[in-house]
Structure formats: structure tokens, C-alpha cells
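Read off the chains here:
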Amino acid sequence: MQRWQTLAGSEAKMSAQDSCLSLIKYLLFVFNLFFFVLGSLIFCFGIWILIDKTSFVSFVGLSFMPLQIWSKALAISGILTMGLALLGCVGALKELRCLLGLYFGILLLLFATQITLGILISTQRMRLERRVKDIVMETIQNYRSRPEESAAEESWDYVQFQLRCCGWNSPRDWFNIPSLISNESEVHHVPCSCYNSSATNDSAVFEKLSFPQFSRLGPLARPRHSTDLCVVSENSNIYSEGCARSLQKWLHNNLISIVGICLGVGLLELSFMTLSIFLCRNLDQVYDRLARYR
């Protein structure tokens, strides 16, 4: 009788353990299936930008973004997300220890990389700021001097437009830039991304445009040197604040959101790593039990 009770208790314990493993397996499968679909959407979005730029531009309303760079980045991110999620889905559903171990290893590598980047950013902040400043000032100094390498200039135009700023320290950073100097007058010029369109109440401002990519910048935009170059006078309504200060304000205002997103991603990765390693370790016990029954 006592032996029968012991066997019944063991079977109940094994049944509970099997139920727990099944729950973990399907949780891991469902979560990774969601991220596989998300990665597919990101990949398709990147391909859409790369193939059909016209539709994307009309959808977003801006065309001076370096679309080729963003599209490739999105496509690569989507492929990596799909690949990692596929490892988790197949490994969990088929109970393959090698795939689960590889899935855990990649997640651990990503987590360690993020922690390392966070430490480096915290400890090397001043050096990083100087490096960013050097890159920005070099971009400003060489603005549109090499039309075939305009991705950096377009990126900086986008930053100025979104952060509502001009130059790194101030608009004076743009003065005496060779591509913006006019032989007709001594008035300094800045790129159209510095133009503050909200500072004017002219209702006809949107009907007098020189370039579609700056459709919100007003009638002061004039072509110079090439059809891709759009500048405005320093005497017009331009942003007076440099992007260094605007960027600091943006980081300060969004610090909680940034930290929250980083913590959320880290906790999600830790959860997936815990589920995968728990499932991977307990599969041995399941296989041993099945072998004994045979």
C-alpha cells in the first residue's frame, strides 16, 4: 500500500512537472512567434522603403531622409529578429536542446553587449560627446561638397528639422561654409532644414515652394549650385538654438522613456533566457524518464 502511494505521488509530481514544461514550451513558442511576425513586418517595411521610395515619401511627408540607409537598417534588423525568433519557436516546439542552447547563447550575447554599451556610454560620456561634435562639425564643413556622399548631410538635415535647431553650437557654424557662400551678397546662408516654418503666419507660404523635400520650409528656399541644395538667408526665420543644447533637452525630457525601454528590453531578454535554459535543462529529465519506461 505504501509503495503504491509512493508511486502515485511520483506520477503526480511528474505529471505536474510535465504540465509546467508544456506551459513554458508554449509560452516560449507564442512569444517568439509574435517577434517573428514583428520581424517580418520590419523587414517588409524596409524593403518597401528601398523599392518604392515615392510612396513612402508621400506617406511620411519628408524626402530628405537618407532613405537607402534607413531601409537597409530596417531590413537587416527584421532579418535578425526573424532568425532569432525562429530559433526560439522551433527549439521550443520541437524540444531541440541544440537550438534552445543557441537561442540562449545569442540572447546572452545581446544582453552582455547592451550592458557593455551602457557602461561605456556612462564612463566615456565626455569623450563620446567630443567625438560626436567632431563628426558633426566635419559634416557641416563638407556640406554638399561631395554630392555622391550626401547621406551624412541628409541625416544632419533631418536632425535639425526634427529637433528644431541649427548648427551644433549655433547657426554661426554654417557661416563661411564653401557650398553656402554666395558671390552675389555678403549675407550668410544656412540649409533649409534650419528654417523655422512655425515662425511665420503667411497663409500662402506653402504655395511658393522651390523644393518638394522642404515643402514645409517656406518661400525663402532658393537653389544654389545644384538642384539638390536648398538654403535660406540668416536674416530669415531660422532656429537660433544649436543642436547640442536641443539634443541635451531632448535626452533630459525623454530620459524616463529611454530608461524604461532599455529596462523593458533587458527584462524581456532575461525572461526569454530563463525560460529557454529552464526548458533546455529539464528536457534531460524527461528523456531519462521516457527511457526508463521503455
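You'll find the structure just up there.
Reading guide: rules and limits
- Residues numbered from 1 in each chain as written.
- Predicted model: local features only at pLDDT ≥ 70, side-chain atom pairs only at ≥ 80, totals over all residues.
- Heavy atoms only, no water.
- Helix = DSSP H or I, 4+ residues; strand = E, 2+ residues; numbered from the N terminus.
- Buried < 20%, exposed > 50% of the residue type's maximum accessible area, 1.4 Å probe, protein only.
- Core = buried A, V, L, I, M, F, W, Y, C linked by side-chain atoms within 4.5 Å.
- Contact = heavy atoms within 4.5 Å.
- Disulfide = S-S within 2.5 Å.
- Axes fitted to C-alpha atoms, helices over the stretch in contact; angles between N-to-C directions.
- Parallel < 35°, antiparallel > 145°, perpendicular 65-115°, else oblique.
- Nonpolar A, V, L, I, M, F, W, Y, C, P; charged D, E, K, R; others polar.
- Patch = residues over 30% accessible without salt bridge, like charges linked within 9 Å, V, L, I, M, F, W, Y side chains within 5 Å.
- Areas by Shrake-Rupley, 256 points an atom, 1.4 Å probe, with all protein chains shown as cover.
- Salt bridge = Lys/Arg side-chain N within 4 Å of Asp/Glu carboxyl O.
- Phe/Tyr/Trp six-rings, centres within 6.5 Å; stacked < 30°, edge-to-face > 60°.

Chemist: So what exactly am I meant to see when it comes to the environment of L267 here?
Modeler: Note on placement: L267 falls in helix α8 (residues 255-293). Classification of L267 as exposed rests on a relative accessible area of 54%. With 156 residues separating them along the chain, L267 and F111 place their C-alpha atoms 9.7 Å apart.

Chemist: Help me out: how do you make sense of the nonpolar core in this one?
Modeler: Proteins that are soluble and globular tend to have nonpolar side chains buried together. Within the largest apolar cluster, 22 residues are counted, with the highest numbers of intra-cluster contacts made by W156, W174 and V190. If you list the elements that add at least two residues to this core, you get α5 (125-141), β3 (226-233) and α7 (243-253). Broken down by element, this core gets its largest block of residues, 3 residues, from β3. With residues near it in sequence (within four places) discarded, V190 still touches C166, P171, W174, F175, L180, C230, V231, V232 and I238. Counting 16 residues, the second largest nonpolar core, distinct from the first, contains L21, L28, M273 and C280.

Chemist: Explanation requested: the state of the cysteines in the structure shown.
Modeler: What we call a disulfide is simply a covalent bond connecting the sulfur atoms of a pair of cysteines. For the structure on display, the rule yields 2 disulfides. The side chain of C165 participates in a disulfide bridge whose partner is C243; the two sulfur atoms lie 1.9 Å from each other. Judged by the sign of its S-S torsion, about 90°, the cystine formed by C165 and C243 is right-handed. In this pair, C165 is assigned in the loop between α6 (151-163) and β1 (189-191) and C243 in helix α7, connecting sequence segments 78 residues apart. Between the sulfur of C166 and that of C194 lies a disulfide, 2.2 Å long from S to S. The disulfide joining C166 to C194 has a torsion of about 85° about its S-S bond and is therefore right-handed. With a gap of 28 residues between them, C166 in the loop between α6 and β1 and C194 in the loop between β1 and β2 (222-224) connect regions that are remote in the sequence. When sorted by exposure, C166 lands in the same class as C194, which is buried.

Chemist: I keep staring at the packing of α5 against α6 and nothing clicks. Help me out?
Modeler: Helix-helix packing: each pair is described by the crossing angle between the helix axes and the interaxial distance. Orientation of α5 relative to α6, taken along the N-to-C sense of each, is 110°, at an axis distance of 10 Å. In terms of orientation, α5 and α6 fall into the roughly perpendicular class. Between α5, through V136, T139 and I140, and α6, the contact on the second element is made entirely by A152, E153 and W156. Grouping the constituent residues of the contact of α5 with α6 by class yields 4 nonpolar, 1 polar and 1 charged.

Chemist: I tried to follow a nonpolar patch on the surface on my own but got confused; where do I start?
Modeler: On the surface, L117, L120, I121, L128 and V132 cluster together into a nonpolar patch covering about 420 Å² of accessible area. Mapped by element, the contributors of at least two residues to the nonpolar patch are α4 (97-123) and α5. Here the nonpolar patch takes 3 residues from α4, the largest share from any one element. Taking relative accessible area as the criterion, L120 reaches 45% and is therefore assigned partly exposed.

Chemist: What should I look at first to understand the packing of aromatic side chains in this one?
Modeler: The geometry of an aromatic ring pair is captured by two quantities: the separation of the ring centres and the angle between the planes. Inspection of every chain in the model, using the stated rule, returns 5 aromatic pairs. Ring plane angle 40° and centroid distance 5.8 Å describe the contact between F31 and F272, whose orientation is recorded as tilted. Separated by 241 residues along the polypeptide, F31 in helix α1 (residues 2-51) and F272 in helix α8 bring together distant segments of the chain. Residue classification places F31 among the partly exposed residues on the basis of a relative accessible area of 37%. Judged by centre distance (5.4 Å) and plane angle (80°), the ring pair of F34 and F35 falls under edge-to-face. Take F35: its relative accessible area is 21%, and that puts it in the partly exposed class. Members of the aromatic cluster, connected to one another through ring pairs, are F31, F34, F35 and F272.

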